[in-house]
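# Analysis of the macromolecular model
Okay, here's what each chain looks like letter by letter:
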Protein chains: 2
Amino acid sequence: MPNALTQKLEGFEPLTDHARWTLDGLLLKVRPVGARRDLILEGDKPENVLLVLDGFACRYKILPNGQRHIIALLVPGDFCNLNVFVLDEMDHAIGTLSPCKVADIPRRAIDEAAKSHSCIARSFWWCSLVDGAVLREWLVNIGGRSPGQRIAHLLCELLMRLEVVGRVTDDSYAFPLTQTEIAETMGLSDVHVNRTLRELRALGLIHLKRRVLTILNVQRLKAFCNFTPNYLHLRNTRWGERQDTSGPGPVPRDTRDVRAGQD
Amino acid sequence: MPNALTQKLEGFEPLTDHARWTLDGLLLKVRPVGARRDLILEGDKPENVLLVLDGFACRYKILPNGQRHIIALLVPGDFCNLNVFVLDEMDHAIGTLSPCKVADIPRRAIDEAAKSHSCIARSFWWCSLVDGAVLREWLVNIGGRSPGQRIAHLLCELLMRLEVVGRVTDDSYAFPLTQTEIAETMGLSDVHVNRTLRELRALGLIHLKRRVLTILNVQRLKAFCNFTPNYLHLRNTRWGERQDTSGPGPVPRDTRDVRAGQD
DNA sequence: CGACTTATTGATGCACTTCAAGCGACGTGG
DNA sequence: CCACGTCGCTTGAAGTGCATCAATAAGTCG
């Protein structure tokens, strides 16, 4: 089974056998990390680059009033701190959400891999650009969508990102976040997350139990939150090409979205 | 007077004379653009890299219900689409807010400049990393802070970013956004932006009239929104070094922030 | 000067937060 | 093995911060 990094990068563009072999060589030092452990703290100057190979981690910041804010979810194949080559100090922290497998990669190894294969260099660059694109979409998500659409959008995004690294079967994937953590991600209260999830369940869109999420109707969930995957910039997967223009079937409308006529 | 790009990059690290000269060479094709014009549309595949040399522009997305969401503000010295080297298609649009001067830079010229000077290459990389860092801070801003703190934080950030490129005098700078545009940036209604601005004025923190913003007490404004500039990763300016640990004087507390004991 | 955009203010309603309590699952130790 | 504590989920009730609607005032540009 290919490692998550290789899988992810091939969602962008094909790699040569030799490049794949080089990538494997980056993942020599892999360690297990328990849930809710910090990998990197704000202000740290990490020596190595960390890569999530299994499990969920997140970027986060703590506001002075104590509330935590989750800025990004890191899933298998995601780099934690590719910025280490330019920025001296971390401006946010990184911690695990579930038990994880994490690779420590010496920055020199990254450097050499990038220099030896232009496709690897471009892929790494792509990683950090997609990180930014996801961030932009999240900004729109929090700023502009209703809680229901917001959470639905997150779940759609994860479906695709996890699909690329082979973590999805039958529109179902491991989703280890507690409702409080979802709240910290979505800028909502945990109580309201609970109610919103109940609503999504009632609409027959999702099933979430014991940390496993099942999307009951992908088409409808995507239509529900107007999910368009262009910002993930996948072009080498079965998802990258199609635009989902096929009929989504009946779409439950979110209450807040009544005013605009998008039909 | 040095151009905004060079000024900005030197906020990160010093450039050689030759590198400065090379950067000047990138800015041969400069054109004026009126306010509220689109520079790049979502879905475009731009040939050149665009750079804002004067005025305000923004990244934005339009949701299917018609509401616009401003994802980033682009000020003099900011690149619009450095991603052009890796991503084929724009996942968001870029438009001017005020009248601007914009440079068209052939991607080959960027490439060559980066290859000829490692400090330029690193600086460009730094640009896109800082873009991401700002985005993360915005996410926290929208997700976690009260409207008053939110707007104050934006104004503090702009103060520093504009300071670097010499657009600030006496804690005062041109701020061309309408209240509706501020609302689109902050995830608020325009009415509420109006009321929040009134509040900030009443607290004696800012003065905003005829598209000119004056910060009446920088220390207090920063303390008011807990502004910490680490995420801008400036280290070569008079701002980059100091942490503002000096006494901020009496700090008006935001109403929403009462519960947590940060004193 | 008149047309149009932007800013301002008031009134109303509800979506969300906050506070609070009960419940189930799980693990630990007596 | 059951008692007990913890943690996450769930639900209720109450308050409010913000959006929405609407109308007027103040700029701004032809």
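### Things to note about the protein's contact with DNA strand C
Around DNA strand C lies a shell of 19 residues, among which Ser 189 and Arg 210 of chain A together with Gln 179, Arg 195 and Arg 211 of chain B are the nearest. Across the atoms of DNA strand C situated within 4 Å of the protein, the share located in sugar and phosphate is 57%. Measuring from a phosphate oxygen of DNA strand C, one finds a side-chain N or O atom of Gln 179 of chain B at 2.6 Å. Arg 198 of chain B places a side-chain nitrogen or oxygen 3.2 Å from a phosphate oxygen of DNA strand C.

### Looking at the sheet that holds strand E9 (residues 206-209) of chain A
Residue and element names in this part refer to chain A. Taken together, 3 strands build an open sheet; the order of strands is E8-E10-E9 and the sheet is antiparallel. Pairing within the sheet leaves two strands with one partner each, and these edge strands are strand E8 (172-174) and E9. Taking the axes of each pair of neighbouring strands and ignoring which way they run, one obtains an average angle of 15° across the sheet. Sheet topology places E9 next to strand E10 (residues 212-215); 4 bridges connect them, and they run antiparallel. Each bridged residue has a counterpart across the sheet, and for Lys 209 the counterpart in E10 is Val 212. Contacts between helix H5 (residues 147-164) and the sheet are confined to E8, E9 and E10, with E8 contributing the most and set at about 85° to the helix.

### Digging into the protein's contact with DNA strand D
Residues in close proximity to DNA strand D total 18 residues, the closest being Gln 179, Arg 195 and Arg 211 of chain A together with Ser 189 and Arg 210 of chain B. In DNA strand D, atoms within 4 Å of the protein come 65% from sugar and phosphate. Between DNA strand D and Asn 194 of chain A, the relevant distance is 3.0 Å, taken from a phosphate oxygen to a side-chain nitrogen or oxygen of the residue. In this structure, His 192 of chain B approaches DNA strand D through a side-chain N or O atom, which is 3.4 Å from a phosphate oxygen. Mapped onto the surface near DNA strand D, the elements with two or more residues apiece are helix H7 (190-202) of chain A together with helix H7 (190-202) of chain B. Sorting elements by how many residues they give to the surface near DNA strand D places H7 of chain A first, with 4 residues. Counted by class, the surface near DNA strand D contains 3 nonpolar, 6 polar and 9 charged residues.

### Remarks on the environment of His 233 of chain A
Secondary-structure assignment places His 233 of chain A in the loop between helix H8 (218-225) and helix H9 (238-241). A C-alpha to C-alpha distance of 15 Å links His 233 of chain A and Asp 78 of chain A, two positions 155 residues apart in sequence. Contact partners of His 233 of chain A, with chain neighbours within four places excluded, come to Phe 12, Trp 126, Val 130 and Ala 133 of chain A together with Leu 87, Asp 88, Glu 89 and Asp 91 of chain B. Of note is the side chain of His 233 of chain A, whose polar atom sits 2.7 Å from the side chain of Asp 91 of chain B.

### Observations regarding the sheet that holds strand E9 (residues 206-209) of chain B
All names here are of chain B. Taking strand neighbours across the sheet as the criterion, the 3 strands line up as E8-E10-E9 in an open arrangement whose pairing is antiparallel. The open sheet is flanked by strand E8 (172-174) and E9, the only strands paired with a single partner. Going from strand to strand, the sheet's axes swing by 15° on average, the running direction of each strand aside. Where E8 lies against strand E10 (residues 212-215), 3 bridges are found, and the strand directions are antiparallel. When the sheet's bridge partners are listed, Ala 174 is paired in E10 with Val 212. Strands E8, E9 and E10 of the sheet are contacted by helix H5 (residues 147-164), whose axis makes an angle of about 85° with E8.

### Quick look at a positive patch on the surface
On the surface, a cluster of positive charge is made up of Arg 195, Arg 198, Arg 201 and Lys 209 of chain A. Among the elements that line the positive patch, the one with the most residues is H7 of chain A, at 3 residues.

### Details of the domain arrangement of chain A
Residues and elements named next belong to chain A. Per the domain assignment, the segments of chain A are domain 1 (4-133) and domain 2 (146-252). In this structure, domain 1 and domain 2 have C-alpha centres spaced 23 Å apart. Taken together, the contact between domain 1 and domain 2 spans 25 residues of the former and 24 residues of the latter. Of the roughly 2000 Å² buried between domain 1 and domain 2 on both sides combined, carbon and sulfur atoms contribute 57%. The tally of links from domain 1 across to domain 2 stands at 6 salt bridges. Arg 68 is paired through a salt bridge with Glu 184; the nearest N and O atoms lie 3.0 Å apart. In this structure, the connection of domain 1 to domain 2 is made through 9 residue pairs in polar contact (both at pLDDT 80 or more).

### Things to note about the environment of Ala 35 of chain A
In this fold, Ala 35 of chain A is placed in the loop between strand E1 (29-33) and strand E2 (38-40). If we ignore the near neighbours within four places in the chain, the residues touching Ala 35 of chain A are Thr 96, Leu 97, Ser 98 and Pro 99 of chain A.

### Points about the nonpolar core
Membership of the largest hydrophobic core comes to 160 residues, with the highest contact counts inside it found for Phe 79, Tyr 173 and Phe 175 of chain A together with Phe 79, Tyr 173 and Phe 175 of chain B. If near-sequence neighbours (up to four positions away) are discounted, Tyr 173 of chain A is found in contact with Leu 155, Leu 158, Leu 159, Leu 162, Arg 167, Val 168, Arg 211, Val 212, Leu 213 and Ile 215 of chain A.

### Considering the relation of the copies chain A and chain B
There are two copies of the chain, and a rotation about an axis plus a shift along that axis relates them. Mapping chain A onto chain B is achieved by rotating through 180° and translating by 0.0 Å along the same axis, at an RMSD of 0.0 Å. Those values place the two copies in the arrangement expected of a two-fold rotation axis. Looking at the interface residues of chain A, 100% of them are also at the interface in chain B, so both copies use one shared face.

Quick notes on the rules
- Residues numbered from 1 in each chain as written.
- Chains lettered and ligands numbered in written order.
- Predicted model: local features only at pLDDT ≥ 70, side-chain atom pairs only at ≥ 80, totals over all residues.
- Heavy atoms only, no water.
- Near = heavy atom within 4 Å.
- Polar contact = N/O pair within 3.5 Å; in protein donor to acceptor, adjacent residues only side chain to side chain.
- Pairing = 2+ DSSP bridges.
- Helix = DSSP H or I, 4+ residues; strand = E, 2+ residues; numbered from the N terminus.
- Axes fitted to C-alpha atoms, helices over the stretch in contact; angles between N-to-C directions.
- Contact = heavy atoms within 4.5 Å.
- Nonpolar A, V, L, I, M, F, W, Y, C, P; charged D, E, K, R; others polar.
- Patch = residues over 30% accessible without salt bridge, like charges linked within 9 Å, V, L, I, M, F, W, Y side chains within 5 Å.
- Areas by Shrake-Rupley, 256 points an atom, 1.4 Å probe, with all protein chains shown as cover.
- Salt bridge = Lys/Arg side-chain N within 4 Å of Asp/Glu carboxyl O.
- Lys, Arg positive; Asp, Glu negative; His and termini not counted.
- Charge placed at Lys NZ, Arg CZ, Asp CG, Glu CD.
- Domains from an automatic or database assignment.
- Buried area = accessible area lost by both parts, 1.4 Å probe.
- Core = buried A, V, L, I, M, F, W, Y, C linked by side-chain atoms within 4.5 Å.
- Buried < 20%, exposed > 50% of the residue type's maximum accessible area, 1.4 Å probe, protein only.
- Least-squares fit on C-alpha atoms with pLDDT ≥ 70 in both.

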